[in-house]
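Residue strings, one per chain:
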2 protein chains.
Amino acid sequence: MSEVYAARRTRLRDRCNAGGSAAALVSRPANVRYLAGAAPHGAVLLLGKREDLLVCAGPPEDRPTDGRRDETLGVQVLPGPGGDPAVAAADLATAQGADSLAVEEHHLTVARHRAIGSVAPRLRLADLAGAVEQLRVVKDEEEISCLRIGAEIADQALGELLESILVGRTERHLALELERRLVDHGADGPAFPTSVATGPHAGRRGHRPTDRRVEEGDFLSVCLGATYRGYRCEIGRTFVIGTSPADWQIELYDLVFAAQRAGREALAPGAAFRDVDRAARQVLDSAGHGERLPPLTGHGVGLEIDEDPQLAPSAMGKLDACVPVTVEPGVHLPGRGGVRIDDTLVVRPEADGGPELLTITTKELLAL
Amino acid sequence: MSEVYAARRTRLRDRCNAGGSAAALVSRPANVRYLAGAAPHGAVLLLGKREDLLVCAGPPEDRPTDGRRDETLGVQVLPGPGGDPAVAAADLATAQGADSLAVEEHHLTVARHRAIGSVAPRLRLADLAGAVEQLRVVKDEEEISCLRIGAEIADQALGELLESILVGRTERHLALELERRLVDHGADGPAFPTSVATGPHAGRRGHRPTDRRVEEGDFLSVCLGATYRGYRCEIGRTFVIGTSPADWQIELYDLVFAAQRAGREALAPGAAFRDVDRAARQVLDSAGHGERLPPLTGHGVGLEIDEDPQLAPSAMGKLDACVPVTVEPGVHLPGRGGVRIDDTLVVRPEADGGPELLTITTKELLAL
């Protein structure tokens, strides 16, 4: 595995050097993990002129690594407590002869940036910007395999929940139950706080579970995901509770389903982010729900649950093959509830069969 | 409740004005919540020259508030997606006639700080530094009451776990079980990831639960906390599994217990942070464990689990009454395991009975 991380660092180093920086300091945890194979709490990665170093805040005992660390990477542990690994890394960059250092200005705080400037006044600080995030967009098959396993785990957890009695249980309990099942099936943990929304809450994006109990006639929308070896996927489904959904429920469900299918079918290498968004959005828009739509209808997933690209009306750029994204349109009618349907898919060329659906739980409207 | 938040903002405004800033921008979520009663995702608080405003990234439907929002506070929602509330707030500060704005340089990233500078070039940006964190150190009785209820919930969850069969269950399952019980008893959720450590893992600070199963003869150390109305407490205990602890286990337990008691007894208004730390630390140090000790033996708790003050050898400052802190020394012997004992207490003057213990689960060495 070590070669994978070393190759990623080489790609980043090439970009930095092309941008005129001799060294780079990576502080955003998911970026550190991507390039080093592990991100102990507070650790930063120095891409130095002579040597790459993972600079950690504490001894490994207190800061357990959580992944497959690259054994070829040097590790430096700060001698005392309270120090900032980013400041120590800047010092080490100077010691390696660098005169410039690219830092992640979208992650480093003003105070830390200033502390780096104080300890290494002759170091010219440049902006690494989203260079690592850009490298992370297209996944290799190893990464996709982690997402695929995570999606299987989420499918299993959801499937088991559907077989149990739901009426009378609270949103909070159902969410906790799902999270327990994710871990039972081998997840590192939930990919994000599990959302269970019943009745008037159903269909709300990111709804935080409350003590409301599931009732007959409710819409029930569930959004969960597993983290597997650091990779995070997402699945969302909406069900009705009871034997026969009301007409408005069937109508709304069919509409959101059509929007979600349109989004999925628009996924292809070369498709503009905004065109995928529009494909899903216009179905809901033309049914009069334009005002109530969320700012995006999908996003990338990987080491973080909300990565580039954003599938939104003003997003710039085009999809590549091997980019995993969610397609997750929804409509929420205040006071009544609503529907969200959310899949994680990997963009694949048509010759390879088109988009690969990772979350395979049925999208029929189930009455539970 | 609204008056509480308004009074806190007045205290902060006085500090800002004394520091020469006409307006302040608070971005750190716990600080926003402290001053506004709620912190919707991404929201910032502007203390303006004419009016205070909570500036939110999205409509309230997608960004539910999680607390008792101050109804007297103005709320501004960004019109479109993708905007930064901090940038919008700087614009609003200018519109209210401010020529200077104090920002949280320890929280704002370099990129956001620059964006604020671009949108409001005539605004002089100053550093609010830890002004809000300092206000948060001493709690009012309402805040302490939330911590007290959170501690009761954690005690209950732990007590129930101790009554169940433990041998053969994994660290992960026990941790999930504890978190479920926290929510059962009314917590918003866990205050931090619950740590369950068995056998050779026991006594490690912040140990992440693994699939290791509890075995006869193990030390079992557990650290958990409840969040109640946003306030986070912490309790840690160590047990032995089986009928008769080994001599080394009894010896190590008694030592850590003595250290923890010494730390608790050192808590008093006016006591230096470092003296409290030393009281606990020197007990372990003189027994030859100095090398293995964590950087701190306790810390403040409140809206965040790890707040000021830090009880550590190099910490500067003294305790006040009504400051809740943890006292949590521990020793971990690599390959063998160890002991941690952790309480949340509120500093009180001796006339009021001395430190108030919030986490009342017994600290006897229980054999389970």
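Every value quoted in this text rests on a predicted model; they were computed, and no experiment measured them.

The subject of this paragraph is the domain arrangement of chain A. All names here are of chain A. Here the domain parsing of chain A yields domain 1 (2–136) and domain 2 (138–357). Listed by partner, the interface residues are ten residues for domain 1 and twelve residues for domain 2. Both faces considered, domain 1 and domain 2 share a buried interface measuring about 880 Å² in area, 35% of it formed by carbon and sulfur atoms. Summed over the shared surface of domain 1 and domain 2, the result is five salt bridges. Glu-307 is paired through a salt bridge with Arg-136; the nearest N and O atoms lie 2.7 Å apart. Run the count over domain 1 and domain 2 and you get seven residue pairs in polar contact (both at pLDDT 80 or more). The residue makeup of the side of domain 1 that touches domain 2, split by class, is four nonpolar, no polar and six charged.

What follows deals with the environment of Lys318(A). All names here are of chain A. The topology assignment puts Lys-318 in the loop between β14 (307–311) and β15 (324–327). A relative accessible area of 58% places Lys-318 in the exposed class. As a C-alpha pair, Lys-318 and Glu-142 span 176 residues in sequence and 23 Å in three-dimensional space. Sequence-distant contacts of Lys-318, that is, excluding residues within four places in its chain, are made with Gly-270, Ala-271, Ala-272 and Phe-273.

The two chain copies are connected by a rotation around an axis plus a translation along it. By a simple turn and slide, chain B fits onto chain A: the slide is 0.0 Å along the axis, the RMSD is 0.0 Å, and the turn is 180°. Within this description, the copies of the chain are treated as partners about a two-fold rotation axis. If distances are taken from each C-alpha of chain B to the rotation axis, the shortest is found for Thr109(B), at 2.0 Å. Most of the interface of chain B is mirrored in chain A, where 100% of its interface residues again form contacts.

Confidence in the prediction for chain A averages 92 pLDDT; 96% of positions are at 70 or higher. Taken as a whole, residues 61–67 of chain A scores under 50 in pLDDT and shows 21 contacts with residues more than four places along the chain or in a different chain.

Here we come to the interface of chain B and chain A. Across the boundary between the two partners, chain B contributes 29 residues, which contact 29 residues of chain A. Counting across the interface, chain B meets chain A through two salt bridges. In this structure, the salt-bridge partner of Arg114(A) is Glu105(B), at a minimum N-O distance of 2.4 Å. The tally of links from chain B across to chain A stands at 14 residue pairs in polar contact (both at pLDDT 80 or more). Those elements giving two or more residues to the side of chain B that touches chain A turn out to be α4 (110–119) and α7 (171–184) of chain B. No other element matches the six residues that α7(B) contributes to the side of chain B that touches chain A.

Criteria and thresholds
Residues numbered from 1 in each chain as written. Chains lettered and ligands numbered in written order. Predicted model: local features only at pLDDT ≥ 70, side-chain atom pairs only at ≥ 80, totals over all residues. Heavy atoms only, no water. Domains from an automatic or database assignment. Contact = heavy atoms within 4.5 Å. Buried area = accessible area lost by both parts, 1.4 Å probe. Salt bridge = Lys/Arg side-chain N within 4 Å of Asp/Glu carboxyl O. Polar contact = N/O pair within 3.5 Å; in protein donor to acceptor, adjacent residues only side chain to side chain. Nonpolar A, V, L, I, M, F, W, Y, C, P; charged D, E, K, R; others polar. Helix = DSSP H or I, 4+ residues; strand = E, 2+ residues; numbered from the N terminus. Buried < 20%, exposed > 50% of the residue type's maximum accessible area, 1.4 Å probe, protein only. Least-squares fit on C-alpha atoms with pLDDT ≥ 70 in both. pLDDT = per-residue confidence, 0-100.

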